[in-house]
Amino acid sequence: MLHKLRLLIPFSILFSSTSYACINHYVIDGKGKEHIYGFEHPTAIQLSYRFDSMTVQRVERHPTGWDNEERFKYISNYCASLIKLGHFKETIPILKKLLLNHPEEYEINANLAVALELDGQLETALTYLKKSIAIRPDAHAKSEWFHINVLEAAIKLQQQQFNLQTDKVLTIPTGNNTIIARQLAYQLQERIPLTRSTNALLSKTIEETADYFNKSLSLEWSVELYAIAAAYSTDTLAVAKLWNKINVARTKLVTYHKMNKKSSPSKYLFSKDWKAMLTKNYIDKWRKYIPLYYKGDIVTSFE
């Protein structure tokens, strides 16, 4: 989704919202098959925007920024931080103005697509998203198929042509399970922090992602994703279905672990209080989630 140019921000690696360190996890799927998951836990969703706040404050103090041919990148980065801090409306005219001189710049098109999506201008957002992907098909670990799927479903839902009970949000590609799981995790780790709870479409999207993890990689992480999906839903029947999936996945996980202890699920899932702990750590955390909104001054005019 959002893209920020790292070359202009030397300390950004310290505060990046998504980390892909060489960390490996032993996991087990719904068929009892073991895997090694070699990237960040899919529910490791970062909510700290310290770096983005620093970026906005820096522009407040020095709005002229990089006064050379690289200046548009400085402004685009500023807009990326504003979007994450809740000021997506203010970025739309800024990004559109940047595109007048830089129409083929991937970052600007992609960031404008996100701002328009958050503003409810879904069809226009989809146009800019598709343009950005045409410019750079390999962006975001080639995961933007997910973003397109969600936007198309949102448009259909807006037009009352999408049934949350029966229709699928995601058309998940076939291929290497670990690569696809990484793409799914990448997109959720960017989308969830930007989305206020409750949100039925996001709940459905997370559920479908959890189904994939359940079948193809990790029962434990499917349990936790189902819980987040439940937090984003107000549909009693949908929540009941999610709890059924949680119970089935957790029972399988406990059974497989007793049979083969090479997997390493979190100990709380074996506790008699596991439901209360899952509810506290995931459902309660996300049930009333409101994205951060920056209350300081912002700059909307760059002459």
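Residues numbered from 1 in each chain as written. Predicted model: local features only at pLDDT ≥ 70, side-chain atom pairs only at ≥ 80, totals over all residues. Heavy atoms only, no water.

Scanning the protein chain from terminus to terminus reveals 13 helices and 2 strands. For the protein chain, contacts bridging at least 24 residues in sequence account for 72% of all contacts bridging at least 6. (Helix = DSSP H or I, 4+ residues; strand = E, 2+ residues; numbered from the N terminus. Contact = heavy atoms within 4.5 Å.)

What follows concerns the pattern of salt bridges. The tally for this structure, following the rule as stated, stands at 11 salt bridges. The salt bridge partner of Asp-119 is Lys-89, with a shortest N-O separation of 2.4 Å. One end of the pair, Asp-119, is in the loop between α5 (106-118) and α6 (122-135); the other, Lys-89, is in helix α4 (residues 88-101), and 30 residues separate them in sequence. Accessibility expressed as a relative area gives 21% for Asp-119, which makes it partly exposed. What makes Lys-89 exposed here is its relative accessible area of 53%. Each member of the salt-bridge network shares a partner with another, and the members are Glu-207, Asp-211, Lys-241 and Lys-245. (Salt bridge = Lys/Arg side-chain N within 4 Å of Asp/Glu carboxyl O. Buried < 20%, exposed > 50% of the residue type's maximum accessible area, 1.4 Å probe, protein only.)

Once that is clear, we can look at the packing of helix α11 (residues 219-231) against helix α13 (residues 274-287). To characterise two packed helices, one gives the angle between the axes of the helices and the distance between these axes. In the contact formed by α11 and α13, the axes pass within 7 Å of each other and the chain directions differ by 35 degrees. Here α11 and α13 pass one another in a crossing that is right-handed. On α13, the residues touching Val-223, Glu-224, Ala-227, Ile-228, Ala-230 and Ala-231 of α11 are Leu-278, Tyr-282, Ile-283, Trp-286 and Arg-287. A breakdown of the residues in the contact of α11 with α13 according to their chemical character gives 9 nonpolar, no polar and 2 charged. (Axes fitted to C-alpha atoms, helices over the stretch in contact; angles between N-to-C directions. Left-handed = near helix turned anticlockwise from the far one by under 90°. Nonpolar A, V, L, I, M, F, W, Y, C, P; charged D, E, K, R; others polar.)

Glancing now at the packing of aromatic side chains. For the coordinates displayed, the defined rule picks out 4 aromatic pairs. Centroid distance Tyr-78 to Phe-302: 5.7 Å. Interplanar angle 75 degrees. Geometry classified as edge-to-face. A residue pair is termed long-range when its members are at least 10 positions apart, and Tyr-78 in helix α3 (residues 71-84) and Phe-302 in the segment after α13 qualify at 224 residues. Each of the two residues, Tyr-78 as well as Phe-302, counts as buried. (Phe/Tyr/Trp six-rings, centres within 6.5 Å; stacked < 30°, edge-to-face > 60°.)

Looking at the protein chain as a whole, its pLDDT mean stands at 88, while 89% of the residues score no less than 70. Averaged over each element, pLDDT in the protein chain is lowest for helix α1 (residues 12-15) (30) and highest for α6 (98). In this model, residues 5-21 is a region of pLDDT below 50 whose contacts with residues beyond four sequence positions or in other chains number 26 contacts. (pLDDT = per-residue confidence, 0-100.)

This part takes up the pairing of strand β2 (residues 34-37). Here β2 shows a clear split, with His-35 and Tyr-37 buried on one side and none of Glu-34 and Ile-36 buried on the other. As paired elements, strand β1 (residues 25-28) and β2 share 4 bridges and run antiparallel to each other. Residue pairing in the sheet places Tyr-26 in a bridge with Ile-36 of β2. The hairpin formed by β1 and β2 contains 5 residues between the paired strands, and Gly-32 there has a positive phi angle of roughly 85 degrees. (Pairing = 2+ DSSP bridges.)

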